[in-house]
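Fold and contact review
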Amino acid sequence: MNHEANADTQIIDDNLSQSLCNEYQLLRSLTQDTNVALQMTETELEIYQGIQHKIDEAGLAIFVLSKSFAMCNFARAMVFYCEQRKRVVPLKIEEFPMPGWLSMLIGTNTYEDVGRKDWETSLVRSIERKLNTTLQSPCQDENKISKGIQKLKASLPENFFVYISGGTKFYCSKSQGLCRALGKQLAMLDDVAIVTGGFYGTGETVSSSFYEEREALQKDTSTWHVLPEMDESDHSKRSRQNADGTFRAVPYGNTLFSGQSVRERETIISRLFDVCILIEGGPGAAHEAEQFAWNDHVVIPLKSTGGAASGKFNVPKQIFQVPGGVNNHDWEALSSETLSANQISQAVFRIINSLKSLKTSSNGHDGYTKSNKTVHTLPNGLPCSQESGNTEIITDDMRC
């Protein structure tokens, strides 16, 4: 593909730098235009500077995502270097657990995937579109997310929202029955609303059961679905996506549209909603759980269903810690292989009720108490924390 000199495309993959991967640690300071004291040979430094020069000349960078790419420190440094500097098109060439640093840096970009039909055509369209648009600064991107949050919040009632995340297909034999039992059980809670991403599978099964039970109880159905306005990737087998990339409303409950891609939608909902229940799930569900964890929101993983909920796909370990105010026995029930679907759903009911009560009684703070020290994550990945005695209050106005 030929472009003008200032619109060249630089392809970054692990083959550019595999021989350097284990030679040294490249830290985030590489993103700054300063000299970094690294133990490189002259040859290694020359290779690094040569690649950096190619990136500087390019108008766009394609990240060829693979397991070896994700494990390569040099490739990681190149991703850091491109952040805020270049238009980026991520191209995934194989399935692999995506580490948090890569998810964070790629942000809300839509993936191109060689496993999808017509991926070559889609890749060309993405490159052409990126080259014909103005590069947004991080502040512009953050403003876009903030506006999306405020717009979505204005469309929602004052409720305690529980977001359902998980697989779009069932792989565990107990999951579908558990989802139905869970929806029916949660419908008994007052002032609780269920939210899904509008895709098939766990979210639809829980929410439809919740909706039907609320109707039977003659209560407000309080069922919401948040879909992106569009996504260029093909999600038609997992959702009600149209040929042009837009989405149709879910036929029950209330459907809202937010974000220009699935990933942008995930960023918005993970900042807005109170709690996420994780059932089964693959890399996409793991990314959603990670987003909730980054925003100090509670994730309730039903470990016995497997997948991301059991710890696969690099989900953050912190989601398995018992939240403050939650009964240990109820939390342990999430991992049980012997309890029935009704018993597990009753434990989730009590957990949600505890979190809801804790938020209501938090003396005006929009947050939760955690029994252990909580480490926040700064935008640049550095940890910080705020404590009050042995208990920490997590609030929106205390973001580090």
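In the block above lies the structure referred to throughout.
Conventions we followed
Residues numbered from 1 in each chain as written. Predicted model: local features only at pLDDT ≥ 70, side-chain atom pairs only at ≥ 80, totals over all residues. Heavy atoms only, no water. Core = buried A, V, L, I, M, F, W, Y, C linked by side-chain atoms within 4.5 Å. Buried < 20%, exposed > 50% of the residue type's maximum accessible area, 1.4 Å probe, protein only. Helix = DSSP H or I, 4+ residues; strand = E, 2+ residues; numbered from the N terminus. Contact = heavy atoms within 4.5 Å. Phe/Tyr/Trp six-rings, centres within 6.5 Å; stacked < 30°, edge-to-face > 60°. Lys NZ or Arg CZ within 6 Å of the ring centre and 35° of its normal. Disulfide = S-S within 2.5 Å. Pairing = 2+ DSSP bridges.

1. What about the nonpolar core?
If you look at the biggest cluster of nonpolar residues, it comprises 28 residues, and the most contacted ones within it are Leu186, Ile277, Ile300, Leu302 and Ile352. Elements with a minimum of two residues in this core: strand S5 (160-166), helix H7 (175-186), strand S6 (192-196), helix H8 (202-216), strand S9 (275-279), strand S10 (298-302) and helix H12 (341-360). Here this core gets six residues from one element, more than from any other, and that element is H12. Sequence-distant contacts of Ile300, defined by excluding residues within four places in its chain, comprise Val275, Cys276, Ile277, Leu278, Trp331, Leu334, Ile351, Ile352 and Leu355. Trp224, Ile269, Ala308 and Ala309 belong to the second largest nonpolar core, which has 27 residues in total.

2. Digging into the packing of aromatic side chains
The relative placement of two aromatic rings is captured by the distance of their centres and the angle of their planes. Within the structure shown, the criterion is met by six aromatic pairs. Ring geometry for Tyr211 versus Tyr252: centroids 5.6 Å apart, planes at 55°, classification tilted. With Tyr211 in helix H8 and Tyr252 in the loop between strand S7 (223-227) and strand S8 (254-257), this pair connects stretches of sequence that are 41 residues apart. Grouped by ring-pair contacts, the aromatic residues Phe161, Tyr163, Phe273 and Phe292 constitute a single cluster. Positioned over the ring face of Phe320 is Lys303, at 4.9 Å from the centre of the ring.

3. A closer look at the state of the cysteines
Here the structure, examined in full by the defined rule, presents zero disulfides. Unpaired in terms of disulfides, Cys172 finds its nearest cysteine sulfur in Cys179, a separation of 9.7 Å. Using a relative accessible area of 0% as the deciding quantity, one classes Cys179 as buried.

4. With respect to the environment of Ile300
Here Ile300 shows up in strand S10. According to the relative accessible area criterion, Ile300 is buried, its value standing at 0%. When the C-alpha atoms of Ile300 and Val275 are compared, they prove to be 7.5 Å apart, with 25 residues separating the residues in sequence.

5. Section: the pairing of S10
Most of S10 is tucked away, with five of its five residues classed as buried. By the alternation rule, side chains of S10 split into Val298, Ile300 and Leu302 and Val299 and Pro301, which are all buried. Summarising the sheet, S9 and S10 pair through five bridges and their orientation is parallel. Opposite Ile279, over in S10, you have Leu302 as the bridge partner.

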